[in-house]
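Observations on chain architecture
Each chain, written out:
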Amino acid sequence: MFLVPPLFIVILMIWLAFWIVIMVHLASIGKMETRADFTFLTTVVRAKETDYMLLYSLFGYLWVNAFVIGVSQFIISAACALWYFSCSSDSNGSGSLCRGFYWVFRYHLGSIAFGSFLIALVQFIRIIFEYYRKQIEKANKNNPAIKVILFCTSYLLDCLERFIKFISKNAYIQIAITGKNFCAAAWNAFILILKNALRFGTANAIGFIFNVVGVVFIGALNGCVVYAFIHYIPQYTGLAGNWITPCVVGVLEGLVIGSMFMSVFSFASDTILQSFLVDEELNRPDGSRPAIMNQFIESVSDKKE
């Protein structure tokens, strides 16, 4: 499962390189004219149709980017949901990444595409707004009212993007659990979160702290390993004139690796939490839940009493 994020990061990098090539070709379409301020430089005067194609290409990049991320999230959530509902004890259960790949490409491409479309649309609106925001601020440098309005609008658009990503992420989890379409899954996830707001809040707070500590620990550990190699391994001693730079690079690499590692853990924990809450609503009387889940239910019941 931990190979899923690196695999999809490679796919995203390939897509980014391909998109840059497209944008360079589109941006070069037009008439070359000499600049008035620098006679030895030229600029490309593009037609409106070319500008529309640039915007179309930008939206396409955002959509495909969000779609690839959504597919990776669904695959992880499907594997975790399969493990949970096939688990009859703490040591049993199986989660199949291959089954997740099959489900997403056989049944749920439309749902993932719709969720990623919503994310891309909000991101596209934010980018267009930020462009016009800079133009408006240049024309109204000393107008505090304009600055306040632009700042509030930018903040609200950022909140909207975060909300759409949150809803889409939980919708993908519900799709993996129930097999419903995006709208129904998003609504079910929203109601489930509202009904169990305290549990979700507690789990997310603990998970956030755990993720931050985990990422920092992995980054620091990687930096310490680089320092140990440079100073205590004979083959590498004296190769670096300045040990600070390799250690900083090692810490940055560790932070990237830690972020990928902990993102899988975070998404898996969210999926198992939702699976547990859905399972609790099903109220399986045969005791086929994992033993640790039954213990958690008993502890929650004791606290309620």
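Keep in mind that this is a model prediction, so the values were computed, not measured.

Things to note about the overall build of the chain
Secondary structure summary: the chain contains nine helices and two strands in total. When its helices and strands are written in sequence order, the chain yields α-β-β-α-α-α-α-α-α-α-α. The 305 residues of the chain split such that 33% are buried. For the chain, long-range pairs separated by at least 24 residues make up 68% of all intrachain contacts whose partners lie at least 6 apart in sequence.

Things to note about helix α3 (residues 97-106)
Every buried residue belonging to α3 is among G100, W103 and V104, and all of these are buried. Viewed along the axis of α3, the buried residues span an arc of 90 degrees, placing them on a single side of the element. Among the exposed residues of α3, those oriented more than 90 degrees off its buried face are C98 and R106. Taken together, the buried residues of α3 touch α2 (48-85), α4 (109-139) and α5 (144-178).

Some remarks on the pattern of salt bridges
On inspection of all chains with the given rule, the structure shows seven salt bridges. Of the charged contacts in the structure, one is a salt bridge between R162 and D158, with a shortest N-O distance of 2.9 Å. In this pair, R162 and D158 are both assigned in helix α5, four residues apart and thus about one turn of the helix distant. One salt bridge connects E161 with K165, and the closest N-O pair in it is separated by 3.1 Å. Pair noted here: E161 and K165 are both in helix α5, with a separation of four residues, about one helical turn. Classification of E161 by relative accessible area gives buried; the value is 10%. Judged by relative accessible area, K165 falls into the partly exposed class, the value being 39%. The network of salt bridges with common partners includes R126, D158, E161, R162 and K165.

Considering the packing of α4 against α5
Running from amino to carboxyl end, α4 crosses α5 at an angle of 170 degrees, the nearest separation of the two axes being 10 Å. Classified by the angle between their axes, α4 and α5 sit roughly antiparallel to one another. Class assignment of the residues belonging to the contact of α4 with α5 gives a composition of 15 nonpolar, seven polar and seven charged.

Regarding the confidence of the model for the chain
Looking at the chain, the pLDDT average stands at 83 and 87% of residues meet or exceed 70. Per-residue pLDDT, averaged within each element of the chain, yields its smallest value for helix α9 (residues 291-304) (49) and its largest for α4 (91). Scored below 50 in pLDDT, residues 300-305 shows two contacts in the model against residues more than four places distant or in partner chains.

Concerning the environment of I164
By secondary structure assignment, the location of I164 is in helix α5. Linking I164 and L118, residues 46 residues apart in sequence, is a C-alpha distance of 7.2 Å. Not counting residues up to four positions away in its chain, the partners in contact with I164 are L118, I119 and V122.

Examining the packing of aromatic side chains
Per the stated rule, a full pass over the model turns up 16 aromatic pairs. Where Y227 meets Y232, the ring centres are 6.5 Å apart and the plane angle is 70 degrees; that geometry is what we call edge-to-face. For Y227, a relative accessible area of 30% corresponds to the partly exposed category. On the accessibility criterion, Y232 (61% relative accessible area) is exposed.

Comments concerning α4
With 31 residues, α4 ought to run about 45 Å at 1.5 Å a step, and its terminal C-alpha atoms sit 45 Å apart, in line with that. Those residues of α4 that fall on the buried side of the exposure criterion are S111, I112, G115, S116, I119, A120, V122, Q123, F124, F129 and R133. Turning to α4, the residues buried within the fold contact α2, α3, α5 and α6 (182-195).

Observations regarding a nonpolar patch on the surface
Side chains of F217, L221, V225, F229, Y236 and L239 sit close together on the surface and give an oily, nonpolar patch of about 610 Å² of accessible area. Positionally, F217 belongs in helix α7 (residues 197-232). For F217, a relative accessible area of 55% gives the class exposed.

Re the packing of α2 against α3
Between α2 and α3, the least distance of the axes is 8 Å, while the angle of their chain directions is 125 degrees. On the basis of their axis angle, the class for α2 and α3 is oblique. Read as a crossing pair, α2 and α3 show a hand that is right-handed. Side by side, α2 and α3 meet where V71, F74, I75, A78, A79 and L82 of the first sit next to L97, R99, G100, F101, W103 and V104 of the second. The residue inventory of the contact of α2 with α3, partitioned by class, reads 10 nonpolar, one polar and one charged.

Observations concerning the environment of R133
If you trace the backbone, R133 turns up in helix α4. Every residue in contact with R133, bar those within four places of it in the chain, is listed here: L150, F151 and S154.

Parameters at a glance
Residues numbered from 1 in each chain as written. Predicted model: local features only at pLDDT ≥ 70, side-chain atom pairs only at ≥ 80, totals over all residues. Heavy atoms only, no water. Helix = DSSP H or I, 4+ residues; strand = E, 2+ residues; numbered from the N terminus. Buried < 20%, exposed > 50% of the residue type's maximum accessible area, 1.4 Å probe, protein only. Contact = heavy atoms within 4.5 Å. Arc of directions from axis to C-beta. Salt bridge = Lys/Arg side-chain N within 4 Å of Asp/Glu carboxyl O. Axes fitted to C-alpha atoms, helices over the stretch in contact; angles between N-to-C directions. Parallel < 35°, antiparallel > 145°, perpendicular 65-115°, else oblique. Nonpolar A, V, L, I, M, F, W, Y, C, P; charged D, E, K, R; others polar. pLDDT = per-residue confidence, 0-100. Phe/Tyr/Trp six-rings, centres within 6.5 Å; stacked < 30°, edge-to-face > 60°. Expected span 1.5 Å × (residues − 1). Patch = residues over 30% accessible without salt bridge, like charges linked within 9 Å, V, L, I, M, F, W, Y side chains within 5 Å. Areas by Shrake-Rupley, 256 points an atom, 1.4 Å probe, with all protein chains shown as cover. Left-handed = near helix turned anticlockwise from the far one by under 90°.

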